[in-house]
Amino acid sequence: MSIKNMPVVPLRGLTVFPNMVISFPIGRKLSLDAVEASHDNDDMIFLITQKDSEENEPTEDGLAQVGTVCKIKQVLKLPANVTHIIVEGLHRAYAQNTHIEEYFVSDAEIIDDKLPSEYEEDIQAQALMRLANEDFEKYTKLNNAMPANDVMLTLISAKTPGQLADAIAAGINISNEEKLRLLETIDPIERIKRVIEILTNELEILELKSKIEKN
């Protein structure tokens, strides 16, 4: 694990996963200053979800213990003084020594996942990935919604249980609290098992909803 000191943007009601590309607005001065500082850090930023999305001025204790190290792909200055950033999630990381200077900064301890080759002989991992893919396909059909293009690309390219779990987590309609719990589930096997549990529950709800609508 490597540790990098990085500027931090606290996220309200949003959790970003590794291998995920997403655009979102930022408006707080602390966050804008962190994005500005990222230009001196190879456009790298550490995104950490707030525990309380209603908190406008979070403290260090108000941020999650695990976040996502991201690469800022683009900063968009829109009308009405609105700023959007487009980021690509790269790595899970533990947030250590988080504090405020001109903006939030934290030591991001990168969490390395196993390589795809390490799962080649893991029958359980292969079975879980197949089950998760099958359940997600059923979910999208019953939900009458296709995941975003970046989610689909990540699903197709996922080679490990952790990558697949993150891609599905990014593409399903669950609470941000649940998404944060998945981000904080470090063990890839435990994470994909939890994703399958969530999909099973969502499928039961969608199937019941479909039956009610037909009656």
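Attention here is on the structure that accompanies the text. (Residues numbered from 1 in each chain as written. Predicted model: local features only at pLDDT ≥ 70, side-chain atom pairs only at ≥ 80, totals over all residues. Heavy atoms only, no water.)

So, about the pattern of salt bridges. Considering all chains together, one arrives at 9 salt bridges under this definition. Note that Arg191 and Asp166 form a salt bridge whose closest N and O atoms lie 3.4 Å from each other. Taken together, the residues Arg191 in helix 6 (residues 188-214) and Asp166 in helix 4 (residues 161-171) connect sequence positions 25 residues apart. Its salt-bridge partner being Lys209, residue Glu213 comes within 2.7 Å of it at the nearest N-O pair. Taken together, the residues span about one helical turn, with Glu213 and Lys209 both in helix 6 at a distance of 4 residues. A relative accessible area of 56% places Glu213 in the exposed class. One salt-bridge network, in which partners are shared between bridges, spans Glu178, Arg181, Arg194 and Glu197. (Salt bridge = Lys/Arg side-chain N within 4 Å of Asp/Glu carboxyl O. Helix = DSSP H or I, 4+ residues; strand = E, 2+ residues; numbered from the N terminus. Buried < 20%, exposed > 50% of the residue type's maximum accessible area, 1.4 Å probe, protein only.)

We now examine the nonpolar core. In terms of nonpolar packing, the biggest core is built from 63 residues, with Phe24, Phe46, Leu47 and Ile168 touching the most fellow members. The element contributing the most residues to this core is helix 6, with 8 residues. Apart from residues no more than four positions distant in its own chain, Leu47 is found in contact with Val9, Leu11, Val16, Phe24, Gly67, Thr68, Cys70 and Val87. (Core = buried A, V, L, I, M, F, W, Y, C linked by side-chain atoms within 4.5 Å. Contact = heavy atoms within 4.5 Å.)

Empty pockets left among the atoms are what a rolling probe the size of a water molecule brings to light. One number sums up the size of the largest pocket: a volume of about 340 Å³. Lining the largest pocket are 18 residues; nearest its centre among them are Ile111, Asp112, Asp113, Lys114 and Gln163. At the level of elements, strand 5 (82-100), helix 4 and helix 6 are the ones that each hand at least two residues to the lining of the largest pocket. Counted by class, the lining of the largest pocket contains 7 nonpolar, 5 polar and 6 charged residues. (1 Å grid on protein atoms, 1.4 Å probe; cavity = no way out; pocket = protein on both sides within 12 Å on 5 of 7 lines; lining within 4 Å. Points joined across faces, edges and corners; volume = space filled by probe spheres on them. Nonpolar A, V, L, I, M, F, W, Y, C, P; charged D, E, K, R; others polar.)

With that settled, consider the packing of helix 2 (residues 123-142) against helix 6. Contact pair helix 2 / helix 6: the axes reach a minimum separation of 9 Å and the direction vectors enclose 30 degrees. Compared by their axis directions, helix 2 and helix 6 come out roughly parallel. Classified by chirality, the crossing of helix 6 by helix 2 is left-handed. Across the interface between the two elements, Gln124, Ala125, Leu128, Met129, Leu131, Ala132, Asp135, Phe136, Lys138, Tyr139 and Leu142 from helix 2 touch Ile189, Ile192, Lys193, Ile196, Leu199, Thr200, Glu202, Leu203, Leu206 and Glu207 from helix 6. Its residues placed into classes, the contact of helix 2 with helix 6 shows 14 nonpolar, 2 polar and 5 charged. (Axes fitted to C-alpha atoms, helices over the stretch in contact; angles between N-to-C directions. Parallel < 35°, antiparallel > 145°, perpendicular 65-115°, else oblique. Left-handed = near helix turned anticlockwise from the far one by under 90°.)

Quick look at the packing of aromatic side chains now. One pass over the structure, following the stated rule, counts 1 aromatic pair. Here the guanidinium or amino end of Lys114 rests over the ring plane of Tyr119, the centre of that ring lying 5.5 Å away. (Phe/Tyr/Trp six-rings, centres within 6.5 Å; stacked < 30°, edge-to-face > 60°. Lys NZ or Arg CZ within 6 Å of the ring centre and 35° of its normal.)

What you see with strand 2 (residues 21-26) is a clean split: Ile22, Phe24 and Ile26 sit on the buried side and Val21, Ser23 and Pro25 on the side with no burial. The pairing of strand 2 with strand 5 spans 6 bridges and is classified as antiparallel. When the sheet's bridge partners are listed, Ile22 is paired in strand 5 with Val87. (Pairing = 2+ DSSP bridges.)

Turning our eyes to something else, we now look at the environment of Asp107. Take Asp107: it is sitting in strand 6 (residues 104-111). Asp107 sits in the buried class, given a relative accessible area of 16%. The residues touching Asp107, leaving out its near neighbours within four places in the chain, are Ile3, Lys4, Asn5, Tyr94, Ala95, Gln96 and Asn97. A distance of 2.9 Å separates a polar atom in the side chain of Asp107 from a polar atom in the side chain of Asn5. (Polar contact = N/O pair within 3.5 Å; in protein donor to acceptor, adjacent residues only side chain to side chain.)

Moving on, we come to the environment of Lys141. By secondary structure assignment, the location of Lys141 is in helix 2. For the pair formed by Lys141 and His39, sequence separation is 102 residues and the distance between their alpha carbons is 42 Å.

Right, let's talk about empty space enclosed by the protein for a bit. Per the stated rule, a full pass over the model turns up 1 cavity of 30 Å³ or more. As a volume, the largest cavity reaches approximately 40 Å³. Of all the secondary-structure elements, those providing two or more residues to the lining of the largest cavity are helix 3 (149-157) and helix 4.

By themselves, these observations are geometric and do not establish any function.
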